[in-house]
Amino acid sequence: MKWIALHQQELQALSGLAIAFLTLILIVMTGFYATANWRKMRLINADVRFRLRPIPGLDLAPANEWTDPQGQIWILRMGCQHAPMVVVGVSIHFSIGNGKEFEHFHTFNGETIQDRTHQYNLPIKMPAPAKTWILELYYRDLSGLLDYATVFNAQGFVSNLTTIDRHTLWNRIRFWLGTRAIKKRLGMT
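Please read these numbers as outputs of a predicted model, since none were measured by experiment. (Residues numbered from 1 in each chain as written. Predicted model: local features only at pLDDT ≥ 70, side-chain atom pairs only at ≥ 80, totals over all residues. Heavy atoms only, no water.)

### Observations concerning the overall build of the chain
When helices and strands are tallied, the chain shows three helices and eight strands. For the chain, the succession of helices and strands along the chain, N to C, is α-α-β-β-β-β-β-β-β-β-α. Counting only residues that meet the buried cut, the chain has 28% of its 189 residues in that class. Restricting to contacts in the chain with at least 6 residues of sequence separation, those with at least 24 account for 61%. Here the chain displays about 13,100 Å² of accessible surface, and carbon together with sulfur accounts for 60% of that area. (Helix = DSSP H or I, 4+ residues; strand = E, 2+ residues; numbered from the N terminus. Buried < 20%, exposed > 50% of the residue type's maximum accessible area, 1.4 Å probe, protein only. Contact = heavy atoms within 4.5 Å. Areas by Shrake-Rupley, 256 points an atom, 1.4 Å probe, with all protein chains shown as cover.)

Right under this line is the structure:
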């Protein structure tokens, strides 16, 4: 006991060092635990996104022959597998020959598509008949977590575009509407 009383300051310094060392070990272990939890959360998040991701299918064909620039009706048939989807819009790029292209953007009112096929009649005013087309479908899952974009052509599925957020999509819609208004004012349409 005398020894403890004589070396009290050394013992306090040693206990302080031991507490600091154990605190450092606790911080490192918490870092490992937090990293493991973060990785597991990312795996679960990816699994949930995969399970909620809709798989769209569609077909686009003209309902009548092109006769004049006043308009042609195109029929869009759209269905979905794996999970319901909320349709935001489609952007259709038509190739009309001589290196000219025409784009038509159609927005939907957030319509939900489940198993059955939906049909839409799209009146499109084109300057000449279309030779080929490429369609970008913008949609989101039913939970509204993520927006998706998928590209189709006359043969079917082409590719999935990178997952986009809502701000990117709505900026594209605003840009398209703005350029359309400018073209109308200038008499280019």
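### What to know about the packing of aromatic side chains
What the rule picks out here adds up to five aromatic pairs. Members of the aromatic cluster, each reached through a chain of ring pairs, are Trp 74, Phe 94 and Phe 102. (Phe/Tyr/Trp six-rings, centres within 6.5 Å; stacked < 30°, edge-to-face > 60°.)

### Topic: the confidence of the model for the chain
Note that predicted coordinates carrying low pLDDT should not be read in detail. Here the chain shows a mean pLDDT of 81. Residues at 70 or above account for 84%. By mean pLDDT, helix α3 (residues 166-186) is the weakest element of the chain at 65, and strand β2 (residues 72-81) is the strongest at 88. (pLDDT = per-residue confidence, 0-100.)

### A look at the pairing of strand β5 (residues 118-124)
With burial as the criterion, only one face of β5 is covered, namely that bearing His 118, Tyr 120, Leu 122 and Ile 124; the residues Gln 119, Asn 121 and Pro 123 on the opposite face remain uncovered. In the sheet, β2 pairs with β5 via seven bridges, with the strands oriented antiparallel. Of the residues in β5, the one forming a bridge with Ile 75 is Asn 121. (Pairing = 2+ DSSP bridges.)

### Details of the environment of Asn 121
Inspection of the secondary structure assignment puts Asn 121 in strand β5. Between the C-alpha atom of Asn 121 and that of Ala 63, which follows or precedes it by 58 residues, the distance is 8.5 Å. Setting aside residues no more than four positions away along its own chain, Asn 121 makes contact with Ile 73, Trp 74 and Ile 75.

### Some details on the sheet that holds strand β4 (residues 100-113)
What the five strands build is an open sheet, ordered β4-β3-β6-β7-β8; its pairing is antiparallel. Two strands lie at the open edges of the sheet, namely β4 and β8 (156-160), each paired on one side alone. Going from strand to strand, the sheet's axes swing by 20° on average, the running direction of each strand aside. Pairing geometry for strand β6 (residues 132-141) and strand β7 (residues 147-153), over seven bridges, is antiparallel. Across the sheet, residue Glu 136 finds its bridge partner in β7, namely Val 151. (Axes fitted to C-alpha atoms, helices over the stretch in contact; angles between N-to-C directions.)

### Some details on the side chain of His 118
Along the chain, His 118 turns up in strand β5. At 3.2 Å, the side chain of His 118 forms a polar contact with the side chain of Glu 111. (Polar contact = N/O pair within 3.5 Å; in protein donor to acceptor, adjacent residues only side chain to side chain.)

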